[in-house]
Amino acid sequence: MLNVRRHVILVLVATAIAAPASLAQTTPRFTVEHMLALKRLSDPQWSPDGTRVAFVQTEVNLDANTRSNEVVVLRVGDSVVLRRLEGATRPRWSPDGRHLAFTRTGGNGEPAIWVTDLDRSLREVVAFPTGAGSHIWSPDGKWMAFVSEVFPECAGDVLGDAACNDTLLKKRAAVKTKARLIDGLLFRHWVSWREDRYSHLFVAPADGSAPPRDLTPGSSDVPPFSLGGPEDYAFAPDSKEIAFVRKTGKVEAISTNSDMFTLDLTTPKAAARQVTTNGGADGGPQYSPDGKYLSWRMQERAGFESDRWQLVLHDRQTGNRTVVTRDLDRSVDGWVFTPDSKALYLTMEDNASSKVYRQALSGGAPALVLGGGSTGDVQISADGRTLLFTRASLTAPPEIYKANADGTGVAAVTGLNATLLQPFTLRPGESVTYAGAGGTPVQAWIVKPNGFQEGRRYPLLYLVHGGPQGAWTDAWTYRWNAQVFASAGFVVFMPNPRGSTGFGQQFTDEISRDWGGRVYEDLMKGLDYAEKLPYVDASKKVAAGASYGGYMMNWFLGHTNRFKAIVSHAGVFNLTSMYGVTEELWFPEWDLGGTPWDNREGYETWSPHMYAENFRTPTLVTHGELDFRVPVGEGFQLFTTLQRQGVPSRLLYFPDEGHWINRPQNSALWYNTFLEWMERWIK
C-alpha cells in the first residue's frame, strides 16, 4: 500500500533550498516568497476626464494563506492615491465621471454592486439573492447591466425573480445528500460542477430605484464561459440597445460556436435579434462612439478554439460587414475606437509579445504604436491625444503607463513593485531564433540567473508551455515564473515550437493531429541549440511543463534520455482515458482528429502511456484534485507507471487545487518542491 506523506506547511524561507555551490552569488536570490510579496495590479479604468485611474490591487499574505483585493483610485498627473476601497473589485466610472461603481460583498452576503461618489458616500445599488457583478454603465448613466447565475425557471415577472431565486437557494441548502443527478454535457468545468443555474444578463436603474430585469431568460449562459478577452456585452451609444453573446441550441461540451445578439431596450418584452450565424465563435461586442458600427471578433472554423480571431465591423444601417483584419495573420486580442470613430487601436500577440497597432477604418496597413514587453488594457482619452495602458515583461509584473496617441512619450503612472524588485537586478529575457523541423524558424526566450557571471557554466532548465496553442511571451507570470527558476541558479530556456500563437495561424495549426511529431523535433532542435550556449553545462539539463507542457514531459519520458530530471504538472498521460473525463470535448476532437473510437490509431500513436517501457528519467508528478480539464487520474496513472517501472519519482498532490496551483502556501510548496527535485538530480 502506498505511503502518502502529508505536509504541514510553514513559511519556507528563501534559504530553505540552497543553490549549487558552483552557483554561489552575491546578488540576492529572488525566491517564490519574494514573488508572492509583489502587489498585483489589474483592471485599470481611466476616468472620463482623464485625471484619475482606478484599478484593482491584490496582495498575498503567505502566513495567513490569503489574498485580499482593494480598488485604488490614483491621480494620473502625480500618482497620488485618492481613495482605497477594501474588499472591492471591478471599478467602473459613470459616464460623467462623478460616480465609481464596484463589486463588494453586500448585505445579503453575496457579491453586490456599490457606488461611491466624489463626496465619498457609499451605497449598495444592486443586490440579488444569487449575487450581482460584472457590471457596466449605460452611456447615459441611467442604467447598469450586470450578470448573475440564476435558476432559469424564475424568469418572468420582475418582482418575482428575486424571491423565486432566494426560495430555490434555500431549498437547495436544505438538501442533505451531496449526490448529483446529471442529464447531459457539460456537467463540470475547470474547478466547478455545473449546477442547474445559468448566467443571465440583467439591467437595473443605476440608482437602485427599481428591481432588475432579466434580459436573457432561458437555459443558456449569457455571457458564455471564456478564458478572457473583451467583455461579451455592451450598450449602444444611445443606451437604447444592448448587444450580447450566447450559445444557442448547442451542446457546450462539443461546440465552440457562440453568436451575437442585440436587444431593443425601449420595447418591453422585445425579442433578441440574432446578428451572426457564423459556425465558429463570435464575441466581444463593441459599438463605435458615433453609433454607426457594431464590432466584434470572429473565429471562422467551428470546433477550433485556437482559430484566428478576426475583427468584424457591422454597419448598423446598411447591414454591410467588413473583416478589418482579414489580411493580418495574427489574432486580435482587444481593440478600442478613437473618439472620432475613424480608427482603431488593436492589441495583438506578435512574435512572443503583445503589441498595439493603429488601424484606420478607411483602410491601409496597421501602424505599430506600442511594442516592447506585453501591452494590454488600452484606453484612449476623450480628445484622442493620449493612451493609457498596462505593460509587463519577463522582469516585472503589470504597471500602468501613458503615452501620446502615436506611441511616443511613454511614461509610468504606477510603480507598485519598483522598490521590491530593485535589489534583485533581474535579467531581461533574450529572444533567440533557431531552425526547427524542416528548417522552420522557432523563437525562444533565454533568462539567465540574476547573479550571472561570464565564464561560468550553469544548469539548463528547459520549459515547455501549455495550450498547446499558447506561447511564452515577454510577460510576467506567477505560475511559471522564469525569474524564480533562474535566480535559483538555472539558465531558463523557453521555446515556442509548433502550435505556439503569435507566429501566424499556419504555425499554430501545425500541431493539430501531430502532438508528438514536428513539435517534438522543434523542441529537440531547441535543446541542441541550448546545449551549445557557452554558459550552459550540457551535462546538467532538466525539463518541466504543465498541461500540454506536462504531456510533452510524459512524451519526453518515452522518447529521450537527455534530461537528468523532469517535472510533469497536470500532464496528459493516456489520451483515451483523458477524452472520457475532460469537459471541453471539442478540444481533443479537433486536435486529435475525432473520438477515440473514430480514430483509435491517432489516440494511441500520440499517447505517452504507450511508450512507458522506455521511461527512465527521474520525475516529479504534480496534480490537483479539482482539475477538471486534465483530471487527476492522469497524474495518478503516470506516477503509478513510474513506480512500477522502478523510475525514481515523487507525487505532489493538492486536494484543494485545480489546473493551476493558486493558493499562496500551495504555490510556495510547489515551487520549492520543484527546485528541490531538480537540484537533487543535477548535483
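None of these values were measured; they are calculated from a predicted model.

S.K.: Could you clarify how one ought to interpret the nonpolar core in this entry?
M.R.: Nonpolar side chains tend toward joint burial in soluble globular proteins. Counting residues in each nonpolar core, the largest one holds 103 residues, and the members touching the most others are Tyr-462 and Phe-556. The greatest single-element share of this core, amounting to 9 residues, is contributed by helix α12 (residues 664-682). For Tyr-462, the contacting residues outside a window of four places in its chain are Tyr-434, Phe-493, Pro-495, Leu-523, Gly-526, Leu-527, Val-542, Ala-543, Ala-544, Phe-556 and Phe-563.

S.K.: What's the story with the sheet that holds strand β18 (residues 273-274) in this structure? I'm lost.
M.R.: Think of a sheet as strands paired side by side through backbone hydrogen bonds, with each pair either parallel or antiparallel. Judged by pairing direction, the sheet is antiparallel, and its 4 strands sit side by side in the order β15-β16-β17-β18 without closing on themselves. Edge positions in the open sheet fall to β15 (233-235) and β18, since each of these has one partner strand only. Where β15 meets strand β16 (residues 241-246), 3 bridges bridge the pair, whose relative direction is antiparallel. Following the sheet pairing, Phe-235 is matched in β16 by Ile-242.

S.K.: Mind showing me how you'd approach unusual backbone geometry here?
M.R.: Peptide bonds are mostly trans, and most non-glycine residues show a negative phi. With an omega dihedral of -5°, the bond running from Val-222 to Pro-223 counts as a cis peptide bond. Looking at the element boundaries, Pro-223 is found in the loop between β14 (213-214) and β15. Backbone torsion omega between Gly-467 and Pro-468 reads 0°, so that peptide bond is classified as cis. The topology assignment puts Pro-468 in the loop between β33 (458-464) and α4 (482-487). Residue Ser-341 is not a glycine yet carries a positive backbone phi of 65°. Within the secondary structure layout, Ser-341 lies in the loop between β23 (332-337) and β24 (343-350). For Ser-341, a relative accessible area of 6% translates into the label buried. Phi angles above zero are rare outside glycine, and Ala-352 is one such case at about 70°. Counting through the fold element by element, Ala-352 comes out in the loop between β24 and β25 (353-360).

S.K.: Whenever I open this one, the pairing of strand β36 (residues 565-569) confuses me. Can you help?
M.R.: Moving residue by residue along a regular strand, the side chains alternate between the two faces of the sheet. For β36, the buried fraction is high: 5 of the 5 residues fall into the buried class. Taking every second residue as pointing to the same face, both faces of β36 are buried, with Ala-565, Val-567 and His-569 on one and Ile-566 and Ser-568 on the other. Bridge analysis of strand β35 (residues 536-546) against β36 gives 5 bridges, and the strand direction is parallel. The partner of Ala-543 across the bridge, within β36, is Ile-566. In this region the chain leaves β35, passes through helix α7 (residues 548-559) and returns to the parallel neighbour β36; the handedness of that crossover is right-handed.

S.K.: I keep staring at helix α6 (residues 518-531) and nothing clicks. Help me out?
M.R.: Its 14 residues place the ends of α6 20 Å apart at the C-alpha level, agreeing with the 20 Å of an ideal helix rising 1.5 Å per residue. By the burial criterion, the buried members of α6 are Val-519, Tyr-520, Asp-522, Leu-523, Met-524, Gly-526, Leu-527 and Ala-530. Contacts from the buried residues of α6 go to β31 (430-435), β32 (441-447), β33, β34 (491-496), β35 and α7.

S.K.: How should the sheet that holds strand β7 (residues 111-117) be read in this particular structure?
M.R.: In spatial order, the strands read β5-β6-β7-β8; together these 4 strands make up an open sheet with antiparallel pairing. If you trace the sheet from one side to the other, it starts and ends with β5 (89-93) and β8 (122-126), each paired once. The sheet shows a mean angle of 30° between the axes of neighbouring strands, taken without regard to direction. As defined by bridge partners, β7 adjoins β8 across 4 bridges and the pair is classed as antiparallel. Across the sheet, residue Trp-114 finds its bridge partner in β8, namely Glu-124.

What counts and how
- Residues numbered from 1 in each chain as written.
- Predicted model: local features only at pLDDT ≥ 70, side-chain atom pairs only at ≥ 80, totals over all residues.
- Heavy atoms only, no water.
- Core = buried A, V, L, I, M, F, W, Y, C linked by side-chain atoms within 4.5 Å.
- Buried < 20%, exposed > 50% of the residue type's maximum accessible area, 1.4 Å probe, protein only.
- Helix = DSSP H or I, 4+ residues; strand = E, 2+ residues; numbered from the N terminus.
- Contact = heavy atoms within 4.5 Å.
- Pairing = 2+ DSSP bridges.
- Right-handed = clockwise from strand over helix to strand, strands pointing away.
- Expected span 1.5 Å × (residues − 1).
- Axes fitted to C-alpha atoms, helices over the stretch in contact; angles between N-to-C directions.

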